[in-house]
Amino acid sequence: MLDKKLILGVYDDGDKLLNAVIKLRKKGVEIMDCFTPFPVHNLDRAMGIKRTNLTVGAFLCGMTGFLSGLLLQFYMMTSHLNTFKSWPMIIGGKPMDYSMVPSMVPVTFELSILFTAFGIGILFFIRAKMIHGKIAQILDPRQTDDRMLLAIEPDGLGSVSRSEVDSIMNAEGAIEIRERNMDGSSDH
Amino acid sequence: MFEANIRKPLVTGGKTLTDVSNDICRPIENKPTKLWWLGFSISFLLLMVFVGTIGWTTWEGIGTWGVNKSVMWGWDITNFVFWVGIGHAGTLISAILLLFRQKWRMSINRSAEAMTIFAVICAAMFPLFHMGRVWLGYWPLPLPNAFGSLWVNFNSPLLWDVFAISTYFSVSLLFWYLGLIPDIATVRDRATSKARKFWYGFFAMGWNGSARNWHRYEVVALILAGVSTPLVLSVHTIVSMDFATSVIPGWHTTIFPPYFVAGAIFSGFGMVLTLLVIARSVLNLQDYITVEHLEAMTKVVMLTGSMVGLAYLTEFFIAFYSGVEYEQYAFRNRAFGPYWWAYWTMMSCNLLAPQVFWFKWARTTPWFIFIMSIIVNIGMWFERFVIIVTSLHRDYLPSSWVMYSATWVEVGIFLGTMGLFFTAFFLFSKFLPVVNMAEIKSILKSRE
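Residues numbered from 1 in each chain as written. Chains lettered and ligands numbered in written order. Predicted model: local features only at pLDDT ≥ 70, side-chain atom pairs only at ≥ 80, totals over all residues. Heavy atoms only, no water.

**With respect to the overall build of chain A**
So, step 1. A tally of helices and strands in chain A yields 5 helices and 4 strands.
So, step 2. When the helices and strands of chain A are placed in sequence order, the string is β-α-β-α-α-α-β-α-β.
So, step 3. For chain A, the spread of C-alpha atoms along the principal axes amounts to about 80 × 30 × 30 Å.
So, step 4. Taken over 188 residues, chain A has a buried fraction of 48%.
So, step 5. In chain A, the proportion of contacts linking residues at least 24 apart, taken out of those at least 6 apart, comes to 75%.
So, step 6. For chain A, the computed accessible surface area is about 9500 Å², with 60% contributed by carbon and sulfur atoms. (Helix = DSSP H or I, 4+ residues; strand = E, 2+ residues; numbered from the N terminus. Buried < 20%, exposed > 50% of the residue type's maximum accessible area, 1.4 Å probe, protein only. Contact = heavy atoms within 4.5 Å. Areas by Shrake-Rupley, 256 points an atom, 1.4 Å probe, with all protein chains shown as cover.)

Written out as structure tokens, the structure reads:
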């Protein structure tokens, strides 16, 4: 996979990149990916990226946190789950049944948020295949600084000829078009 | 999107993408300046004061403090609430202003979030060491222990606070780190030295700016902002419940949660202004943190200051209107009792002083904003002192009325946490980009 060639259009402006993507997609060119130093608005929609379902994951994590919070407190503070192994905690004569549910609100709430936040964080790192110490696949060292790359695989061109792709990219203000291997090395 | 020309640009000086990276990465890629060393040395010295006084407290015990059996919370909990309050601006700026699509947040959110994290660390020190035996600090966690299954008490607001503060700290840290990843990757790819390439590469987690990841990243940021918004409001609400759920006159009021949240935002923005007015000139960031940014923050300070002021007056009115003698006495004692000076310092710093921000000159003059921000910090410290000490020193039983004053150890610990806070901030400004480069690059052409 690493020796696969990529056609790279290099831009210095997000709007130009976006326009190039829109034009190329209209012609039927499949865009492999774009690499930008900042999130370019609407680029994901223009590239036809499907909306991530991380939000569903966040909801499930939140529900897990909510239920864990309730379970934790029912387990520790009441006898509803038949879990009193030793000492019930009678503090200030306060009840130890469902009437203490209002006291459970803060901790349940905080745990829901804790689980949602860390759940989605971890899911994001898994989906984006990111981990500490991973060596980044960089096509151009300036792609995280001030250049934007538009990457097309040669077999994503469809019926469009290579020269036509070049002329569309140039018309939208590409400062350079070059070929690269997937790992960032060039063989000429 | 249409943007009227009457609106001022968010970033001045006609910066390009390259300029942004160069300007923001300069402190990281160069040796620190003399001014940095001076500030860092002073902060580090104060940090050593913290180590000394907290060490003495741990060795000798809480008897080294001025607290007694009536005023069992003194400077420690005052400082705890003070620091937690300061810790509210960061998440407010990055989460709530993100949901409201306020683009001016983008040049200040990074440093404000860093401030949040350091402030919460400072805050946590106080209740932790107030326990006396800090090595048993894990006892508030719901762990099964050796005494049978004796669990923590979920009816206690102090335990809610443990959950609230630790959730707030860890979620803020995650939010901050997530925001840092693209910028760390920028530093990595610009790095010339091997060490920098390795360490920034390690923490960048392989980020390469792919559009697919940006898409996911933005969804995650939005969700984190969505959950952080109620979180930030809940944290100070729960802190206020430490007081409001008790039956001490002056504490037992339902107005506390919104009043504390407004106060937290007020003090948080006060501290953000203190830091940023200095940082923008020391680090040459005037084009990124413009006077417009300062002006927007002063408006928030004025609004929340007035809300806090309204809460002070409402409390007074309700004490009168309730007809409860103890409440009435508590408030009369606050204003005209032995701690009258603390009360009037609070009133003038928090309610009166921010009203100068009705004038455009006051909102747009950095040195004046800096002085005002110090006044706000002082006022908010006194607010917590007034609430805690004046309510405790005279409650129901006149035979237990006492006075409280701090010892040198308590003063040292407080100054020491200032040292901890600023040492952390100086290290942050040296090793991490103080402005969110990725976000700033996306709004270079936008107006406010």
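**Here's the deal with helix α14 (residues 366-393) of chain B**
So, step 1. The terminal C-alpha atoms of α14 of chain B lie 40 Å apart, and with 28 residues this matches the ideal 40 Å at 1.5 Å per residue to within 8%.
So, step 2. At V386 of chain B, α14 of chain B shows its maximal kink, close to 25°. (Expected span 1.5 Å × (residues − 1). Bend = angle between axes of the 7 residues up to and from the residue.)

**Describing the environment of A362 of chain B**
Residue and element names in this part refer to chain B.
So, step 1. Relative to the helices and strands, A362 is located in helix α13 (residues 360-364).
So, step 2. Residue A362 is classed as buried on the basis of its relative accessible area, which comes to 2%.
So, step 3. Put simply, A362 and T298 are 64 residues apart on the chain and 8.8 Å apart in space, counted from C-alpha to C-alpha.
So, step 4. Excluding residues within four positions of it along the chain, A362 makes contact with V356, F357, F368 and I369.

**So, the domain arrangement of chain A**
So, step 1. As far as domains go, chain A holds domain 1 (5-47 + 135-187) and domain 2 (57-127).
So, step 2. A straight line from the C-alpha centre of domain 1 of chain A to that of domain 2 of chain A covers 48 Å. (Domains from an automatic or database assignment.)

**Details of unusual backbone geometry**
Residue and element names in this part refer to chain B.
So, step 1. Unlike most non-glycine residues, M205 shows phi in positive territory, near 55°.
So, step 2. Relative to the assigned elements, M205 resides in the loop between α7 (194-204) and α8 (211-244).
So, step 3. The backbone of N284 sits at a positive phi, close to 55°, despite the residue not being glycine.
So, step 4. Its place among the elements puts N284 in the loop between α9 (256-282) and α10 (291-322).

**Side note on the interface of chain A and chain B**
So, step 1. Across the boundary between the two partners, chain A contributes 64 residues, which contact 59 residues of chain B.
So, step 2. When chain A packs against chain B, the two sides together hide about 5700 Å² of surface, and 67% of this comes from carbon and sulfur.
So, step 3. Three residues, M76, E110 and H132 of chain A, lead the burial of chain A against chain B; their summed loss comes to 11% of the area buried on that side.
So, step 4. Where chain A touches chain B, the interface holds 2 salt bridges. (Buried area = accessible area lost by both parts, 1.4 Å probe. Salt bridge = Lys/Arg side-chain N within 4 Å of Asp/Glu carboxyl O.)

**A word on helix α11 (residues 325-336) of chain B**
Because an α-helix packs 3.6 residues into every turn, residues spaced three or four apart end up facing the same way.
All names here are of chain B.
So, step 1. The end-to-end C-alpha distance of α11, which contains 12 residues, comes to 16 Å, matching closely the 16 Å that a straight helix rising 1.5 Å per residue would cover.
So, step 2. Buried within α11 are the following residues: E327, A330, F331, N333, R334 and A335.
So, step 3. Structurally, α11 contributes buried residues whose contacts are with α10, α12 (340-352) and α14.

**Let's talk about the packing of α8 of chain B against α9 of chain B**
Residues and elements named next belong to chain B.
So, step 1. One way to put it is that α8 packs onto α9 with a least axis distance of 8 Å and a crossing angle of 125°. In this view, α8 runs oblique relative to α9, as classed from their interaxial angle. Helix-helix and strand crossings are classified by hand; for α8 and α9 the assignment is right-handed. Judged by residue contacts, L233, H236, T237, V239, S240, F243 and A244 of α8 engage F256, P257, F260, V261 and A264 from α9.
So, step 2. Considering only residue class, the contact of α8 with α9 consists of 9 nonpolar, 3 polar and no charged. (Axes fitted to C-alpha atoms, helices over the stretch in contact; angles between N-to-C directions. Parallel < 35°, antiparallel > 145°, perpendicular 65-115°, else oblique. Left-handed = near helix turned anticlockwise from the far one by under 90°. Nonpolar A, V, L, I, M, F, W, Y, C, P; charged D, E, K, R; others polar.)

**With respect to the packing of α10 of chain B against α12 of chain B**
Residue and element names in this part refer to chain B.
So, step 1. Relative to each other, α10 and α12 sit at 140°, their axes nearing to 8 Å. Accordingly, the angle class assigned to the pair α10 and α12 is oblique. Contact with α10, carried on its side by G305, G309, Y312, L313 and F316, involves Y343, M346, M347, N350 and L351 of α12 and no other residues of that element.
So, step 2. Of the residues assigned to the contact of α10 with α12, the class counts are 7 nonpolar, 3 polar and no charged.

**Observations regarding the layout of surface pockets**
All names here are of chain B.
So, step 1. In this model, the second largest pocket occupies a volume close to 940 Å³.
So, step 2. In terms of lining residues, the second largest pocket is bounded by 30 residues, among which P127, M131, P140, L158 and V162 are the most central.
So, step 3. Of all the secondary structure elements, the ones that give two or more residues to the lining of the second largest pocket are α3 (75-86), α5 (109-130), α6 (157-190) and α8.
So, step 4. The greatest single-element share of the lining of the second largest pocket, amounting to 8 residues, is contributed by α6.
So, step 5. Grouping the amino acids of the lining of the second largest pocket by side-chain chemistry returns 23 nonpolar, 5 polar and 2 charged. (1 Å grid on protein atoms, 1.4 Å probe; cavity = no way out; pocket = protein on both sides within 12 Å on 5 of 7 lines; lining within 4 Å. Points joined across faces, edges and corners; volume = space filled by probe spheres on them.)

**Regarding empty space enclosed by the protein**
So, step 1. Using the criterion set out here, one finds 3 cavities of 30 Å³ or more in the structure.
So, step 2. Considering the residues around the largest cavity, the lining is formed by T36, P39, V40, L43 and D44 of chain A together with A211, W214, H215 and E218 of chain B.
So, step 3. For the lining of the largest cavity, the secondary-structure elements that each account for two or more residues are α2 (43-47) of chain A together with α8 of chain B.
So, step 4. Sorting elements by how many residues they give to the lining of the largest cavity places α8 of chain B first, with 4 residues.
So, step 5. Among the residues forming the lining of the largest cavity, the class breakdown is 5 nonpolar, 2 polar and 2 charged.

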